[in-house]
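Read off the chains here:
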Amino acid sequence: MNSTFTLRRYGLATIFCALATALALGLDAPASCFSLAIVVSCLYGGRGPGLLSIGLSTLAFDYFFLSPRFRFSVARESYLQLFAFLVAGIVIAIVIDSKRRIEQRRKEIAAELHKSQSFLEEAQRISHVGSFGWSPLTNKLYWSAETLRIAGYDVSVVPTLDLLYDRVHPDDRSVAEELLENASRTGSDLDFEHRFQLMDGTVKYVHVVAHAHRDDAGDLQYIGTVMDVTSMRRSDASLRASEFNFRLIVDSLPGQVCSLTPSGEIEHVNQEVLDYFGKTFQELRGWAHNDLVHPDDRARVISSRLSAFEKGQPYDLEHRLRRADGVYRWFHVRGIPLPDKNGGVLRWYNLLSDIDERIKAEESARARENTFRLIVDSIPGLVCTNTPAGELEFVNQPLLDYTGTTLEALRTSWPMLLHHEDRDEVLKLWGHSVQTGGTLDVEFRLLRADGVFRWLHARVVPHYDIEGNIVRSYGLITDIEDRKRAEQALQRTERRYRLVADSIPGLIYTTTAAGEMQFVNQKMQEFLGEPLETITTWTPYLHTDDIVNFTDLWRRSVETGESFEAECRMRRADGVYRWLEVRGSPLRDPNGRIVRWYHLASDIENRKRIEEVLVASESSLHQTINAIPGFVWSTHVNGEPEFYNQHYLDYLGISAEELPGLDWRTDVYPEDLPTLGAVWQSLRASGSPGECETRLRRFDGEYRWLLFRANPFRDAAGNILRWYGIAIDIDDRKRSEEILRNTESRLSRATQIATIGELAASIAHEINQPLAALVANSHACLRWLSAEPPNLVKAFETAEMLVRDGKKAGDVVKRLRSLFTRSAKMERIDVDVNDVIGEVLRLIQSEATRRKILVEADLSPDMPFVSGDRVQLQQLVLNLFINGLEAMDPVQNRPKRLFVTSKLDDTHNILVEIRDSGMGIDDPNKIFEAFFTTKENGMGMGLAICRSIVEAHGGRLWAVPGNTLGSTFFFTLPVQSGGSA
């Protein structure tokens, strides 16, 4: 652009010289014509074109007008004429160029003056400071634009003293007139404040400062400024009120606050300070120099505070202070000076914040950080550092192991390890990063030591010194082979679905901050069937029923700046109205102002139809649930009722509106409430499904048996959202089961009686034969001895038969006794006691439920095996469980619980504890004797057999009464060495 303008100027100079030559030949006035050409060239072209014009004019003057003519040579007699022409041309050029430069400089000065004046006016406007001039002799005033604005006048108004006094507040007018009158007489400077009262009644405080001086004629002149100090005066008043409120607040603060004099003496402390130090106000004076500060911190605290007091600067310290009980705690002490008008300090305000817990937490965090650094330093990542020139400086061992080479080899050959398809791009990006100092972030394939290329991600970040120079760059290289493969698979999937995604009818448009349409995309133009130029507003395309609601929502969003969301029906190009969901979000500039709105309109016609179907489906589902022949219910996660189906509501005789305040416990049979409550609490605590049988009162007052089943509903994270359940009426089944159990009980008693009879007959049969033989042989022996003479041989034989029959009887008794002693032979195998207990628990579960007894187990895992007879151990546990269940039959007024635990005792034997909440036992030792029983229909053999089984296994069985109720049975069994369950 500049070169074209320069050529144009030099071309014009050449043309002017050619025109001057033509005119000079016609008019025979070469000096005038060539001088005119030089003047025009200098005026419009400047110095360079002027000099060109001088040269061309001199050559033309010599060629056409000096002898010899039409030759570039000068006769001796023409030297003077040529010299005079040349000098005149140079003088003209110099004069014109000087004038041109002066004019250009004048314009520059005028522009700078205008710019400075604009800056001054803007500075006055921003600082609310105007300027003025006043001549007391002529009473003429000059006001700047800002002064006029402060006084409430238009900037076009010409100021006068009358206009000034018209704006001065009536209460200040006499004082202002007196000050100006005195200044005009004495010539003293002005410095005072007064108020302006504007036309709308607004009052402004202004501070006037003016300096008096005399002009060249000796007349008095004033030049000054007018500062709007309204906000300052209001702030002063507010500050005084705030200071009073502040004192009240500080004294009531639950923190430690104090104020100090400029020299550092305590002026005021709140009650928290006195309570912490346990001292009076007088004792706390000079607190920084006494023993309340920790000895290790005292010198630093004194030095920092004295320095802050001298400089009048805030200070911020952390040190320890001794509490009244002698304990030192860390405090953050912050001192802030309150300055006066002269730059001095009126007082100091101190805030003491207890940071002892934070300091301890930071120390703990530093310890964790050191540990974390050790962990991070051992992470097998690929790390490298580079010089500012981009040369490899250091690599860690994992990188050397990956490449299978040395650092020296990598410094020169690392580009050759790059995949040939990635090499040029990586080197280009690396060179650009080194040259510009930017961060490198690139993915590439690198050859591993085993010859396999793997995808890596490298990020290299430069490190700068305090002067902004790159010291080195640090790089982290991460193996992303798996991610790349996943991305490639994802890309293949994306390509398969791209056609579907590209056809989604998304309608996008933007509007200005005021809501005017700016842009619509092609999809929206196709939807509306009109070009961009004709789409200026939504209203013509909206359904008439939706216009008011849509317009109100949009206007509210424009006014408040909140996101816009609405559902409406819009006419498509074919005239069909379809449901759309319109969402709009504002774009804001850094100052928070809305620049434009972005909107997305999504076709939700199908969703609307689906919602209609869902509403119908929900209604159908509700009818289905109400038709289920059971009581369907749900509760909140806290167990409060949420939903009962109609059958359940009808059973209880309540309506759905009464459900939120329903207390379900009032309808449960009182004897069943503890068991049901315990099961429900257990299910909610464990979060597992479960069931329980209980009796529930019907609306007519009748209690019926129901089976409650509950199952938790969880979210994706596994948190329980609510509980769903069903209650089934099992009253008829329970009555049938009761009849069956009564029949089984009578059959069991009959079987016991028959068994006892058979046992007695068997014992009589076994003993009768040896006893009969013993009696017969005794009689025979007596006969042989009473004979005359006595037959001693026969008597001796009979006596031997007596001995043999006695042994037979003893063997019978021994065999019967073996049923109750450890001498019986057992089939010993490795037995898991927890499995035995679990099997028996399953056997008695229904019986426990019938008796309304809650059975709980706490079995220690990984218990070792015992060596024994599995059947006898099952009989042992079953007998103890049955005794516990039967012991709680008389209990009526408290929960019934049977609790079993298993663990290893101090001697590494298995210890099993069975505890009931029954009526207890009087004599823990006598109950194990044979034929001793506390039951009405008991045989007294159960516990004796149990003790025989335990002792036969090398263990011990005993019982202890409960502390307040019930009893506890313990038995131990020796473990099988080397075995574990």
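The rules behind the values
Residues numbered from 1 in each chain as written. Predicted model: local features only at pLDDT ≥ 70, side-chain atom pairs only at ≥ 80, totals over all residues. Heavy atoms only, no water. UniProt positions renumbered as here; feature names shortened; annotations may be inferred. Salt bridge = Lys/Arg side-chain N within 4 Å of Asp/Glu carboxyl O. Helix = DSSP H or I, 4+ residues; strand = E, 2+ residues; numbered from the N terminus. Buried < 20%, exposed > 50% of the residue type's maximum accessible area, 1.4 Å probe, protein only. Pairing = 2+ DSSP bridges. Axes fitted to C-alpha atoms, helices over the stretch in contact; angles between N-to-C directions. Left-handed = near helix turned anticlockwise from the far one by under 90°. Contact = heavy atoms within 4.5 Å. 1 Å grid on protein atoms, 1.4 Å probe; cavity = no way out; pocket = protein on both sides within 12 Å on 5 of 7 lines; lining within 4 Å. Points joined across faces, edges and corners; volume = space filled by probe spheres on them. Nonpolar A, V, L, I, M, F, W, Y, C, P; charged D, E, K, R; others polar. Core = buried A, V, L, I, M, F, W, Y, C linked by side-chain atoms within 4.5 Å. Patch = residues over 30% accessible without salt bridge, like charges linked within 9 Å, V, L, I, M, F, W, Y side chains within 5 Å. Areas by Shrake-Rupley, 256 points an atom, 1.4 Å probe, with all protein chains shown as cover.

Where an unreviewed UniProt entry is consulted, the protein chain appears under the name histidine kinase, with the organism given as Silvibacterium bohemicum. Under Catalytic activity (unreviewed entry), UniProt gives the following word-for-word description of the protein chain: "ATP + protein L-histidine = ADP + protein N-phospho-L-histidine." The heading Subcellular location (unreviewed entry) in the UniProt record of the protein chain holds the text "Membrane".

## So, the pattern of salt bridges
One pass over the structure, following the stated rule, counts 57 salt bridges. With its nearest N and O atoms 3.0 Å apart, the salt bridge here joins R445 to E421. Placement of R445 in strand β13 (residues 440-447) and of E421 in the loop between α14 (407-413) and α15 (423-436) is noted, with a sequence separation of 24 residues between them. The class for E421 is exposed, based on a relative accessible area of 55%. For R698, the salt bridge goes to E702, with nearest N and O atoms at 2.6 Å. Given the relative accessible area of 23%, R698 is considered partly exposed. For E702, a relative accessible area of 29% translates into the label partly exposed. Residues joined by salt bridges that share partners form a network here, namely R698, D700, E702, R704, D729, D731, D732 and R735.

## Quick word on the pairing of strand β18 (residues 564-571)
Two faces make up the sheet, and in a regular strand the side chains alternate between them. Only one face of β18 is buried, namely the one carrying F564, A566, C568 and M570, since none of E565, E567, R569 and R571 on the opposite face is buried. In this structure, β18 lies alongside strand β19 (residues 577-588), joined through 8 bridges in antiparallel fashion. Across the sheet, residue E565 finds its bridge partner in β19, namely R583. Between β18 and β19, which pair antiparallel in sequence order, lie 5 residues; one of them, G575, sits at a positive phi of approximately 90 degrees.

## Regarding the packing of helix α24 (residues 833-850) against helix α25 (residues 870-887)
Direction vectors running N to C along α24 and α25 enclose 40 degrees, while the axes themselves pass 9 Å from each other. Once α24 is placed against α25, the crossing between them reads as right-handed. Listed contacts from α25 to D835, V836, I837, E839, V840, L841, I844, E847 and A848 of α24 are R870, L873, Q874, V877, L878, F881, I882 and L885.

## What about the sheet that holds strand β2 (residues 140-143)?
If you trace the 5 strands from one edge of the open sheet to the other, you get β2-β1-β5-β4-β3, paired in antiparallel fashion. Among the strands making up the open sheet, the edge pair consists of β2 and β3 (190-197). Here the strands of the sheet are splayed against their neighbours by 25 degrees on average, with no regard to which way each runs. Summarising the sheet, β3 and strand β4 (residues 203-214) pair through 8 bridges and their orientation is antiparallel. In the strand pairing of β4, H194 is matched with V206. Most of the contacts of helix α7 (residues 170-186) go to β3, to which it runs at about 150 degrees, and overall it touches β1 (129-135), β3 and β5 (220-228).

## Focus: unusual backbone geometry
For K852, which is not glycine, the phi torsion reads 60 degrees and is therefore positive. Along the chain, the position of K852 falls in the loop between α24 and β27 (854-859). Unusually for a residue other than glycine, D862 sits at a positive phi of about 55 degrees. Checked against the element boundaries, D862 lands in the loop between β27 and β28 (866-868). The class of D862 is exposed, set by a relative accessible area of 69%.

## Considering the layout of surface pockets
Using a probe with the size of a water molecule, rolled over the atoms, empty space left in the structure can be pinpointed. In this structure, the second largest pocket occupies an estimated 770 Å³ of space. Together, 35 residues line the second largest pocket, and V679, E691, Q845, T849 and L854 are the ones closest to its centre. Those elements that provide at least two residues to the lining of the second largest pocket are α21 (673-686), β23 (690-697), β24 (703-714), α22 (731-786), α24 and β27. The dominant element in the lining of the second largest pocket, judged by the number of residues it contributes, is α21, at 7 residues. Of the residues in the lining of the second largest pocket, the class split is 13 nonpolar, 9 polar and 13 charged.

## What about the sheet that holds strand β11 (residues 382-386)?
Taken together, 5 strands build an open sheet; the order of strands is β12-β11-β15-β14-β13 and the sheet is antiparallel. Of all strands in the sheet, those with a lone pairing partner are β12 (392-395) and β13, marking the two edges. The average undirected angle you get between the axes of adjacent strands in this sheet is 25 degrees. Note: β11 against strand β15 (residues 470-479), 5 bridges, orientation antiparallel. Counted as the bridge partner of N386 is S473 from β15. Along the sheet face, α15 touches β11, β13, β14 (453-464) and β15 and points at about 145 degrees away from the line of β13.

## Quick look at the nonpolar core
By size, the foremost hydrophobic cluster in this structure holds 36 residues, and its most contacted members are L876, L880, F881, L898, V912 and F971. Elements that contribute at least two residues to this core include exactly α24, α25, β29 (897-904), β30 (910-916), α26 (942-952), β31 (956-961) and β32 (967-973). No other element matches α24, which puts 7 residues into this core. Leaving out residues up to four positions away in the same chain, F881 has contacts with I837, V840, L841, I844, L898, V900 and I914. Membership of the second largest hydrophobic core comes to 26 residues, among which are L148, L180, A210 and A212.

## Points about a nonpolar patch on the surface
Taken together, the side chains of L80, F83, V87, V91 and V95 present a nonpolar region at the surface, about 490 Å² in accessible area. Considering the arrangement of structural elements, one finds F83 in helix α4 (residues 79-127).

## Considerations on α26
Taken together, the buried positions of α26 are L943, A944, C946, S948, I949, V950 and A952. Of the surrounding elements, those touching the buried residues of α26 are α25, β31 and β32. Of the residues flanking the end of α26, it is G954, one or two places downstream, whose phi is positive at about 85 degrees.

## What about the environment of A88?
Along the polypeptide, A88 turns up in helix α4. Through-space distance from the C-alpha of A88 to that of I54 is 9.6 Å; in sequence the pair is 34 residues apart.

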